[in-house]
Amino acid sequence: MLEEKQKTVRYDRTPMREQKPEVRAKNFDEVPIGYSPEEAVREAKRCLQCKKPLCVEGCPVNVKIPQFIKLIAEEKFAEAARVLKETNALPAICGRVCPQEEQCEIRCILGKKGKPVAVGNLERFAADYERNNDLIVIPEKKPANGKKVAVVGSGPAGLTCAGELVKEGFGVTIFEALHEAGGVLVYGIPEFRLPKAIVAQEISWLEQLGVKIERNFIVGKTATIDDLFNEEGFDAVFVGSGAGLPSFLKIKGENLIGVYSANEYLTRSNLMRSFRVDSETPIMKGKNVVTVGGGNVAMDAARTALRLGAENSMIVYRRSEEEMPARRAEIHHAREEGIDFHLLCNPVGILGGEDGRVTAIRCVKMELGEPDASGRRRPIEVKDSEFNLECDVVIIAIGNTPNPLIPSTSQDIRLSKWGTIVTGENDARTSKKYVYAGGDIVTGAATVILAMGAGKLAARNMMNDLLGQK
Amino acid sequence: MVKIVKKERLSEQVLRYRLDAPRIARKRKAGQFIIIRPTQDSERIPLTIAGANPDEGWIEIIFQVVGRTTFLLSALNEGSYVLDLAGPLGKPTHVEKFGKALCIGGGVGVAPLYPIICALKAAGNEVVSIIGARSKSLLILENEIKDQSDRIYTATDDGSYGHKGFVSDIFNSLNNANEIFDVAYVIGPVMMMKVVSSLTIAAGIKTFASLNPIMIDGTGMCGGCRVTVFNETKFACVDGPEFDAAGIDWKELMNRLNSYKLFESEARQKQHSCRLEGVDK
């Protein structure tokens, strides 16, 4: 039997220090500060080192969780990072943005009686330790096998696929449409949640491994997939082109000045660095900002607005908090920072002045009815409940539809009725020979780690198909 | 990094750059554009590809110094490099043998019109071009367009060259003389496109306008370039940049182009002191 005190140590999780809400709401620095080595060791020692670790099964890339945690407990921090990198090319990123609470941590045995081991915090610690102390090593590569692979898009799916293949001796070139590599990690996720220096570091690590990155190259426009095979001499192509075109509400007033898609708002702030005074790319800062949507992107946009100086940053969401697709931690952080949640409200129109600028958003109150096809209770309008929320900026964060750029120039790639690319369930193969796909272009908007899992799956099947081996 | 192989001044405010971009030169078709980010600090802006040579591997862009980014671009010298260039973007102009085509360009809008004129001519059309500017010193590409057109008319607001007045006056006189056109392309400032296309449409001519709204990525991702055409929202970068002029919501387009007016005037003030250096090297 454990003593009372030991029990507390075993069941209580070591909290990660964070910037105070009132401070961080005014800067773009990262919210959590990270573990100290002592805190990391204390947390790592809570791990039970299960013989059959359920946590690993919950991870889309099957990170060797007990092994790396054991190394942290033994204060072998850089070694822990190396174990992480055996299965996950981007641990500093995953430690920050993975929904561990639904994947590895939810399966932790300790969670039955207390709090699960903070796998994500530990992953982040090990990767940060290795990077901050210049202990990153370039792993051994297999000799070149003479096969060339093109990777379309440098987001999490593409980076993972490229990393797996380059280690196996493939010649890998990533084609990125924007001027900076990283995909959603760079244009979408804000600095305060994922510092761009970390993304740049992970990409530079892949470049050192031998991955070539061609920026400003739009596959489907600069060259088609067939051109990559026929003119550029690639043997296979992985398509990880991401989420695509922003959806709008299709309500009146949506093209008024001051209405942004979340993609545009976040791209201006993140990729174009509008949040910095020396940036040449403007952004409408807004006094009263309304973000429509309930996902992680909506939280990112609303929290960015606050940091850009909004006096009042509001979320409008048509269901209740329970149905919000955002991570609980993100909702919690947003609330702490003072984001005003207008739940069970649905926008019906956006109002503007003579000059064409937004003055308010008109909403109707909703109530929850019977569950719909998604299993969530269907929101129903409450009669005669319309009201206006005054605002000067509106951000629409209700999702994306797949970008047709690649499919429209490669008609032999089969699409679903939603426009996503259809792949084999467990092989990432598309209907076009030697073309593979993964990430949001296949699943629709999902998570970084699921995209990474797909990139990895594709890489395994590419090796198999090109070299005739697993 | 993309090399500026040739830099030319077409008028006091308008420059033409030839850029070493073999892949874009191979793929590009009339009506398409590129996104350029000249330096680390600048914005990403769209510019129409004004010409290209796939064998020699270059494209040409023509631009007017209007804001901070075009100013930074204008300050680069022949032989130096622009940081980022991506394309070709947008849908190519729909070109076929229509019969008799009317091409009307105003100001720096004459630049994106030029490749369309070339393509229409190459497809066997009879091409009548009307180009205009505020004054003679701002009129561009007259000789190039003359070479590709069956007839050319010029107009300047101040009468310093050609007809004194607007391109619309010239169209009106052709129309009054009962000249029939099968298709019209109109490119220039929004107000000019609005006025001119209303006249050509009233004359029963199918009219296309090429729009240049604010963009960031140019691939459909941001949706900043949305325009309303026949009451439907379109993205100029992937659905355009050319649209049937009869359906364009011009007022909304003008409003949206003014989104960052305040920011731009602040940027102009910032650049004022250094304007003497750079431009005229």
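Definitions and limits used
- All residue numbers here refer to positions counted from 1 along the written sequence of the relevant chain.
- Chains and ligands are labelled by the order in which they are written, letters from A for the one and numbers from 1 for the other.
- Given that this is a predicted model, residues contribute local features only at a pLDDT of at least 70 and side-chain atom pairs are listed and counted only at 80 or more, while totals for whole chains, interfaces and linings are drawn from all residues.
- Only hydrogens and water are set aside when side-chain values are computed; all heavy atoms of the structure are taken into account.
- Note on conventions: DSSP H or I runs of at least 4 residues are helices, E runs of at least 2 residues are strands, and numbering of each starts at the N terminus.
- Throughout, exposure labels follow a simple rule: accessible area from a 1.4 Å probe, protein chains only, divided by the maximum for the residue type, with under 20% read as buried, over 50% as exposed, and the rest as partly exposed.
- Contacts between residues were defined by any pair of non-hydrogen atoms, one from each residue, lying within 4.5 Å.
- Surface exposure here means Shrake-Rupley accessible area, sampled with a 1.4 Å probe, where a residue is shielded only by the protein chains that are shown.
- His residues and chain termini do not enter the charge count, which takes Lys and Arg as positive and Asp and Glu as negative.
- Working definition for charges: the position is that of NZ of Lys, CZ of Arg, CG of Asp or CD of Glu.
- Pairing between strands requires that DSSP locate at least two bridges from one strand to the other.
- Here pLDDT means the predictor's own confidence in every residue, given as a number from 0 to 100.
- Note: domain ranges come from an automatic or database domain assignment.
- Simply put, the buried area is the total loss of 1.4 Å probe accessible area from both parts when two parts are fitted together.
- Salt bridges, as used here, are contacts in which a Lys or Arg side-chain nitrogen is within 4 Å of a carboxyl oxygen on Asp or Glu.
- Inter-axis angles, ranging from 0 to 180 degrees, are taken between N-to-C directions of lines fitted to C-alpha atoms, where helices are fitted over the stretch in contact.
- Note on terminology: angles under 35 degrees are roughly parallel, angles over 145 are roughly antiparallel, angles of 65 to 115 are roughly perpendicular, and the others are oblique.
- In this scheme the crossing of two helices becomes right-handed for a clockwise turn of the near helix relative to the far one and left-handed for an anticlockwise turn of less than a right angle.
- Note on handedness: a crossover is taken as right-handed if, strands pointing away from the viewer, the path from the first strand over the helix to the second is clockwise.

**Let's talk about the overall build of chain A**
Thinking step 1. Tallying secondary structure elements over chain A gives 18 helices and 16 strands in all.
Thinking step 2. Counting only C-alpha atoms and orienting by the principal axes, one finds that chain A spans roughly 70 × 65 × 50 Å.
Thinking step 3. Split into buried and exposed, the 470 residues of chain A put 60% on the buried side.
Thinking step 4. Sequence-distant contacts, at least 24 apart, represent 69% of the contacts inside chain A between residues at least 6 apart.
Thinking step 5. Per element, the accessible surface of chain A, about 19800 Å² overall, is 50% carbon and sulfur.
Thinking step 6. Once the 64 positive and 64 negative side-chain charges of chain A are each reduced to a mean point, those two points are 4 Å apart.

**Looking at the sheet that holds strand β4 (residues 45–53) of chain B**
Residue and element names in this part refer to chain B.
Thinking step 1. The strand order across the open sheet formed by seven strands is β6-β1-β2-β5-β4-β3-β7, and the pairing between neighbours is antiparallel. In this open sheet, the two strands that pair with only one neighbour each are β6 (81–82) and β7 (84–89).
Thinking step 2. By the bridge criterion, four bridges tie strand β3 (residues 33–37) to β7 in an arrangement that is antiparallel. Bridge pairing in β7 places F33 opposite L89.

**Some words on the confidence of the model for chain B**
Residue and element names in this part refer to chain B.
Thinking step 1. Mean pLDDT over chain B stands at 92; residues scoring 70 or higher make up 94%.
Thinking step 2. Across residues 273–281, confidence stays below pLDDT 50; counting only partners more than four residues off in sequence or on other chains, it has 11 contacts.
Thinking step 3. As a predicted assembly, this complex carries a pTM of 0.91 together with an ipTM value of 0.90.

**As for the domain arrangement of chain A**
All names here are of chain A.
Thinking step 1. When its domains are assigned, chain A resolves into domain 1 (2–132), domain 2 (148–244 + 402–467) and domain 3 (246–399).
Thinking step 2. Here domain 1 and domain 2 have C-alpha centroids that lie 28 Å from each other.
Thinking step 3. Contact with domain 2 buries area across many residues of domain 1, yet L90, I93 and V97 alone supply 28% of it, more than any other trio.
Thinking step 4. The interface formed by domain 1 and domain 2 holds zero salt bridges in total.

**With respect to the packing of helix α3 (residues 37–44) of chain A against helix α5 (residues 65–73) of chain A**
All names here are of chain A.
Thinking step 1. Orientation of α3 relative to α5, taken along the N-to-C sense of each, is 130°, at an axis distance of 8 Å. For the element pair α3 / α5, the angle class is oblique. Crossing angle aside, the handedness with which α3 passes α5 is left-handed. Contacts from A40, V41 and A44 in α3 reach I69, I72 and A73 in α5.

**Examining the pairing of strand β9 (residues 126–133) of chain B**
Residue and element names in this part refer to chain B.
Thinking step 1. Within β9, seven of the eight residues are buried, which leaves the element mostly enclosed by the surrounding structure.
Thinking step 2. Examined bridge by bridge, strand β8 (residues 100–106) and β9 share seven bridges and lie parallel to one another. Following the sheet pairing, A101 is matched in β9 by V127.
Thinking step 3. Pairing analysis gives six bridges linking β9 to strand β10 (residues 151–156), with the strands arranged parallel. Looking at the pairing, A133 lines up with T156 of β10.
Thinking step 4. Assessed by its sense of winding, the connection that carries the chain from β9 through helix α4 (residues 142–148) to β10 is right-handed.

**Quick word on the interface of chain A and chain B**
One frequent convention defines the size of an interface as the accessible area lost when the parts assemble.
Thinking step 1. On the side of chain B, 40 residues touch chain A, which itself brings 43 residues to the contact.
Thinking step 2. When chain A packs against chain B, the two sides together hide about 3500 Å² of surface, and 52% of this comes from carbon and sulfur.
Thinking step 3. It is K221, N255 and E280 of chain A in chain A that bury the most area against chain B; as a group they hold 23% of the surface buried on that side.
Thinking step 4. Joining chain A to chain B, the criterion identifies four salt bridges.

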